[in-house]
Amino acid sequence: MRKEVKNTVVEKISNYIAQYPHFYLVDIEAMDAVKTAELRRDCNKQGVKLVVVKNTLFRKALSNSSTDYSELYQSLKGNTAVMFCEVANAPAKIIKEFVKANKELGKPALKAVYAQESFYVGPQHLDALVSIKSREELVADVIALLQSPAKNVLSSLQSAGQTIHGVLKTLEER
């Protein structure tokens, strides 16, 4: 590969790293074209961008970034594909479902992850990554928690008002 082409590829990968807040490094080695296409379709449906990269070019793109990604360098061995995403847990769900449906493959295998400004190295983190909540889900949980006491107070006041009204009506009838 010529130097100009390499520089273009590194620039494109650097743009992906800047554009997407989370990315997963996965091993898709030994997956045939049909299974790889199926994985790409699943990724596209969930808004995840799957890109196969050369490890040296990806490492160079990571080193060009302002964030220190050195924890991920040890995972850049063998065949590497990168799943870029906006929602931190989307690729983890895709990987888990795909492996469940294709047990004989055992792929894609999780290598490492940069999600929510944290590093996860190794496949043992897959279940934890599936359960990560997105920013929107966390905001919804907080709002629900904040609304709960107010709803309880309002329903108590409404029921108390109806009780008092019932007592007054009974007294009036006597």
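Our subject is the structure that appears above.
Residues numbered from 1 in each chain as written. Predicted model: local features only at pLDDT ≥ 70, side-chain atom pairs only at ≥ 80, totals over all residues. Heavy atoms only, no water.

Participant: Give a description of the overall build of the protein chain that names residues and reports values.
Facilitator: If you tally the helices and strands in the protein chain, you get six helices and five strands. Going from the N terminus to the C terminus, the protein chain shows its helices and strands as α-β-α-β-α-β-α-β-β-α-α. Taking all 174 residues of the protein chain together, the buried fraction comes to 33%. Of all intrachain contacts in the protein chain linking residues separated by at least 6 positions in sequence, the fraction that spans at least 24 positions is 79%. With the model as given, the accessible surface of the protein chain reaches about 11,000 Å², and the carbon-plus-sulfur share is 54%. (Helix = DSSP H or I, 4+ residues; strand = E, 2+ residues; numbered from the N terminus. Buried < 20%, exposed > 50% of the residue type's maximum accessible area, 1.4 Å probe, protein only. Contact = heavy atoms within 4.5 Å. Areas by Shrake-Rupley, 256 points an atom, 1.4 Å probe, with all protein chains shown as cover.)

Participant: If you had to explain the nonpolar core to someone new, which residues and values would you point to?
Facilitator: One finds Tyr24, Val26, Leu39, Met83, Leu110 and Leu129 to be the most contacted residues of the largest nonpolar core, which totals 24 residues. Sorting the residues of this core by element identifies strand E1 (22–27), helix H2 (33–45), strand E3 (80–85), helix H4 (90–101), strand E4 (109–115) and helix H5 (126–130) as the ones contributing at least two each. In terms of residues, this core owes the most to one element, H4, which gives five residues. Setting aside residues no more than four positions away along its own chain, leucine 129 makes contact with Tyr24, Asn89, Ala92, Leu110, Val113 and Tyr120. Formed by 20 residues, the second largest nonpolar core is a distinct cluster that contains Ile13, Leu62, Phe84 and Ala112. (Core = buried A, V, L, I, M, F, W, Y, C linked by side-chain atoms within 4.5 Å.)

Participant: Let's hear about the sheet that holds E3: which residues, and what values?
Facilitator: An order of E2-E3-E1-E4-E5 is seen for the five strands of this open sheet, with the pairing classed as antiparallel. Whereas interior strands pair on both sides, the edge strands pair on one side only; in this sheet they are strand E2 (49–53) and strand E5 (118–121). Strand-to-strand twist in this sheet, taken as the mean axis angle between neighbours without regard to direction, amounts to 20°. Relative to E3, E2 runs antiparallel, the two sharing five bridges. Bridge assignment links leucine 50 to a residue of E3, and that residue is methionine 83. (Pairing = 2+ DSSP bridges. Axes fitted to C-alpha atoms, helices over the stretch in contact; angles between N-to-C directions.)

Participant: Help me get a handle on the packing of helix H1 (residues 3–19) against helix H3 (residues 55–64), residues and values and all.
Facilitator: Where H1 contacts H3, the two axes come as close as 9 Å, and the packing angle between them is 55°. Of the possible angle classes, the one that applies to H1 and H3 is oblique. Handedness of the H1/H3 crossing: right-handed. Taking contact as the criterion, the partners of Lys6, Val9, Val10, Ile13, Ser14 and Ile17 in H1 are, on H3, Leu57, Phe58, Lys60, Ala61, Leu62 and Asn64. Considering only residue class, the contact of H1 with H3 consists of eight nonpolar, two polar and two charged. (Parallel < 35°, antiparallel > 145°, perpendicular 65-115°, else oblique. Left-handed = near helix turned anticlockwise from the far one by under 90°. Nonpolar A, V, L, I, M, F, W, Y, C, P; charged D, E, K, R; others polar.)

Participant: Give a detailed account of the pairing of E4, specifying residues and quantitative values.
Facilitator: By the criterion of burial, E4 is predominantly enclosed, with six of the seven residues buried. Bridge count for E1 against E4 is five bridges, and the pairing is antiparallel. Residue valine 26 lies in a different strand from E4, and its bridge partner there is leucine 110. Summarising the sheet, E4 and E5 pair through four bridges and their orientation is antiparallel. Paired with alanine 112 across the two strands is valine 121, which belongs to E5.

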